[in-house]
Amino acid sequence: MTGSYAGAAATPGPDAAEAPPVSPATPLAPVSLLIADDDAVTRSGLCTLLGPQPGITVVGEAADGVKAVERARLLRPDVVLMDVRMPRLDGIEATRRLLAGPAEPTTPTGPAEPPKVVVITTFENDGYVTAALGAGASGFVLKRLPVPKIAEAVRVVAAGEAILFPAALRRMVTARPRDSAEALPRAALTGREEEVLRLMATGLSNPEIARSCGVRLETVKTHVGNVLTKLGAQNRTHAVVIAYETGLVVPGVVG
């Protein structure tokens, strides 16, 4: 999308969940990042400003959706920051193709996992949010957010969390069939796993779920992993969509 990146402070839209804060005392796991944007000034600005952020290493960039998919499969970054409106292939379709199958090349233990995707755009548009989530993106941020907020979103998604947009999710679910063949019946989840899934649907992070349930963080991670496996979900967002579609989670009702 044409336009320079200024990094000006702004508040997210009504559906934009902010990434949970990262404690300065907590060591940050290294995150490799690929930045895809068709505007050279914006792309250069994002690379320059995000590169020095704690825990983030920019490993590459791409000027269109086709190059984004190619370079992501070659460089295998942890996260791709994907612009929406790009030539040859837009960011939504690039996200869908990138997450559709294992990345190349393979690792000694098998095919490499595809990266997480955070969609970034100038436009505060519910349609883009819905399309991005439907394509498998784990988050959605606006270009006008302060750089530390964008970096925070990248780290959160790299850690396996998601930046959820409950209203956009509900609209997406309403537009899709409710008889999802990929989902398992309610009985497949334990009571604790259902509770964790409902809390995931509110946008809580793993540490927040741990505090809410009064259990250890590692226990929550185990529950989340079990939920994804049992539902056949690609990521947390996909799990929440399945939960809405099958009635495991009712919009606006938690617990």
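Parameters at a glance
- Residues numbered from 1 in each chain as written.
- Predicted model: local features only at pLDDT ≥ 70, side-chain atom pairs only at ≥ 80, totals over all residues.
- Heavy atoms only, no water.
- Axes fitted to C-alpha atoms, helices over the stretch in contact; angles between N-to-C directions.
- Helix = DSSP H or I, 4+ residues; strand = E, 2+ residues; numbered from the N terminus.
- Parallel < 35°, antiparallel > 145°, perpendicular 65-115°, else oblique.
- Contact = heavy atoms within 4.5 Å.
- Nonpolar A, V, L, I, M, F, W, Y, C, P; charged D, E, K, R; others polar.
- Buried < 20%, exposed > 50% of the residue type's maximum accessible area, 1.4 Å probe, protein only.
- Pairing = 2+ DSSP bridges.

Visitor: Quick rundown of the packing of helix 8 (residues 206–213) against helix 9 (residues 217–231)? Include the residues and the values.
Guide: For the pair helix 8 and helix 9, the least separation of the axes is 9 Å and the interaxial angle reads 110°. In terms of axis orientation, helix 8 runs roughly perpendicular to helix 9. For the pair helix 8 and helix 9, contact is made by Asn-206, Pro-207, Ile-209 and Ala-210 and by Leu-217, Val-220, Lys-221 and Val-224, respectively. Among the residues making up the contact of helix 8 with helix 9, the classes are represented as six nonpolar, one polar and one charged.

Visitor: Outline the pairing of strand 3 (residues 79–83), supporting the account with residue identities and numerical values.
Guide: Within strand 3, five of the five residues are buried, leaving the element largely enclosed by the surrounding structure. Alternating positions in strand 3 separate into two faces, Val-79, Leu-81 and Asp-83 on one and Val-80 and Met-82 on the other, with burial throughout. As paired elements, strand 1 (residues 31–36) and strand 3 share four bridges and run parallel to each other. If you follow Ile-35 over to strand 3, its bridge partner there is Leu-81. Bridge count between strand 3 and strand 6 (residues 116–121): five bridges; the pairing is parallel. Opposite Met-82, over in strand 6, you have Val-119 as the bridge partner.

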